[in-house]
Amino acid sequence: MDASKLPLVAVVGLTASGKSGFSLQLAAALGERGVACEIISADAFQLYRGMDIGTAKVSVQERGGIPHHLLDVLELEEKASVAAYQRSCRQVINEIRAREALPILVGGSGLYVRAVLDKIEFPGTDSGIRAQLEAQAAQLGIEKMHQHLAEVDPESAARIVPANERRVIRALEVYELTGKKFSATMPRREYFQPAVQLGIKWPLAVLDERISQRTAQMLTQGFIEEVAELEKRGLAHTPTACRATGYQAVMDYLAGKITREESAEQIALQTRQLARKQRKWFRKDPRIHWLDGEAGASSNLKQALTLLGIEQ
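Thresholds applied
Residues numbered from 1 in each chain as written. Predicted model: local features only at pLDDT ≥ 70, side-chain atom pairs only at ≥ 80, totals over all residues. Heavy atoms only, no water. Pairing = 2+ DSSP bridges. Helix = DSSP H or I, 4+ residues; strand = E, 2+ residues; numbered from the N terminus. UniProt positions renumbered as here; feature names shortened; annotations may be inferred. Contact = heavy atoms within 4.5 Å. Salt bridge = Lys/Arg side-chain N within 4 Å of Asp/Glu carboxyl O. Buried < 20%, exposed > 50% of the residue type's maximum accessible area, 1.4 Å probe, protein only. Axes fitted to C-alpha atoms, helices over the stretch in contact; angles between N-to-C directions. Parallel < 35°, antiparallel > 145°, perpendicular 65-115°, else oblique. Left-handed = near helix turned anticlockwise from the far one by under 90°. Nonpolar A, V, L, I, M, F, W, Y, C, P; charged D, E, K, R; others polar. Polar contact = N/O pair within 3.5 Å; in protein donor to acceptor, adjacent residues only side chain to side chain.

1. Some thoughts on the sheet that holds strand β2 (residues 37-41)
Item 1. Overall, parallel pairing links the six strands, which are arranged β3-β2-β4-β1-β5-β6 in an open sheet. Here the strands that pair on one side only, and so sit at the sheet edges, are β3 (68-69) and β6 (288-292).
Item 2. Of the pairings in the sheet, the one linking strand β5 (residues 195-201) to β6 comprises five bridges and is parallel in character. Looking at the pairing, Q197 lines up with I288 of β6.

Laid out in structure tokens, this is it:
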């Protein structure tokens, strides 16, 4: 089977749904049919070195010799950005294609996934314009800034609540910088190259139990020790890394603010909340082919291969 004739594959969906495991199984099944595969992470926090257990990063041993990309590429103090990820990921996709292999994008960071799959352009930034807008917001109040946004870009103003100062200022920054409405930069659901998206769905009650089990497993594997080491490297003061689900709860435990049990409860709760946000995000995309987690790996692999046009 010629990998160049196959579409880009994306395994997407909710946290703890089994995306990583399924992607490895799919890559192995394709490998048995003569299609070499390489996996690309689409997880915003797996980009960071040292954030392994808490982000459920696939270990080198678990990868089974399948090349993985965009893991461990940022230091803690670096800021992750969707635009930078898009550039890096598309370059990796081109490199994999040049090796006559099939890229498999895997992750639950919805905007990161769309940035790679769809025709999306990210307007630049201007620190001077942003500083000026932030100063105006401090002086006039965000309500006034939102009113101004409604005058120049009614569609964006309708989508952005006044309380979301960061997005209000970003929309005005784009307008000032490009002369275009921020709403005009919103992406269409149009692939930049042929793609097939696969998602694994579970009943929420089952997913919640999977989250509880994974939380307990992470703590057993050394999540607390991981966070303690990252704190020495300044995790609490990082621009992006500190926002990863569960890490603040462990830092609160290490600071003596909560008990270990309370920390575990908070990690599981925050992960369930993340899953529900992801559910809302991915349900909006009608192009995703949803596989039934309860049907089992064999059934789902067969369905995935059929969707890719590969004879069983």
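Structure's up, so let's keep going.
2. Quick notes on the UniProt feature "site: Interaction with substrate tRNA" (unreviewed entry) in the protein
Item 1. Mapped onto the present numbering, the UniProt feature "site: Interaction with substrate tRNA" (unreviewed entry) falls at S109 and R130. An extended arrangement is adopted by the annotated residues: their sequence extent is 22 residues, and the largest C-alpha distance between any two is 25.8 Å.
Item 2. Here S109 shows up in the loop between β4 (102-107) and α3 (110-117).
Item 3. Among all residues touching S109, those that are not within four sequence positions of it are A42, D43 and A44.
Item 4. Mapped onto the elements of the fold, R130 is located in helix α4 (residues 127-140).
Item 5. Those residues in contact with R130 that lie beyond four places of it in its chain are I169, R170 and E173.

3. As for the pattern of salt bridges
Item 1. Taken as a whole, this structure holds 14 salt bridges when the rule is applied.
Item 2. Put simply, D52 and K57 hold a salt bridge, and the shortest N to O gap is 2.9 Å.
Item 3. Take D52: its relative accessible area is 31%, and that puts it in the partly exposed class.
Item 4. Across the salt bridge formed by R276 and D208, the nearest N and O atoms sit 2.9 Å from each other. Residue R276 is found in helix α11 (residues 260-283), and its partner D208 is found in helix α8 (residues 204-221); the two are separated by 68 residues along the sequence.
Item 5. Residues joined in a network through salt bridges with shared partners are R114, D118, R189, D285 and R287.

4. Considerations on helix α10 (residues 247-254)
Item 1. Among the residues of α10, Y247, A249, V250, M251 and D252 are the ones counted as buried.
Item 2. On its buried side, α10 packs onto α9 (223-232) and α11.
Item 3. Following α10 by one or two positions, G256 has its phi on the positive side, about 80°.

5. Some words on the packing of helix α5 (residues 142-152) against helix α7 (residues 165-178)
Item 1. Their axes nearest at 10 Å, the elements α5 and α7 cross at an angle of 40°. With respect to α7, the element α5 is oriented oblique. Viewed along their axes, α5 and α7 form a crossing whose handedness is left-handed. The segment α5 lies against α7, with I142, M145, H146, H148, L149 and V152 engaging E165, V168, A171, L172, Y175 and E176.
Item 2. In the contact of α5 with α7, the residues fall into eight nonpolar, two polar and two charged.

6. Overview of the UniProt feature "binding site: ATP" (unreviewed entry) in the protein
Item 1. Feature annotation in UniProt assigns "binding site: ATP" (unreviewed entry) to the following positions: G13, L14, T15, A16, S17, G18, K19 and S20.
Item 2. Structurally, S17 can be placed in the loop between β1 (8-12) and α1 (19-32).
Item 3. In this structure S17 touches I200, W202, L207 and R210, once residues within four positions along its chain are discounted.
Item 4. From its side chain, S17 meets the backbone oxygen of L14 in a polar contact 2.6 Å long.
Item 5. If you trace the backbone, G18 turns up in the loop between β1 and α1.
Item 6. A relative accessible area of 27% places G18 in the partly exposed class.
Item 7. Excluding its chain neighbours within four sequence positions, the residues that come into contact with G18 are I200 and R210.

7. Focus: the pairing of β4
Item 1. Burial analysis of β4 places six of its six residues in the buried class, which makes it a mostly covered element.
Item 2. Of the two faces of β4, the one lined by L102, I104 and V106 and the one lined by P103, L105 and G107 are each fully buried.
Item 3. Direction of pairing for β2 relative to β4: parallel, over a ladder of five bridges. Bridged to C37 within β4 is L102.

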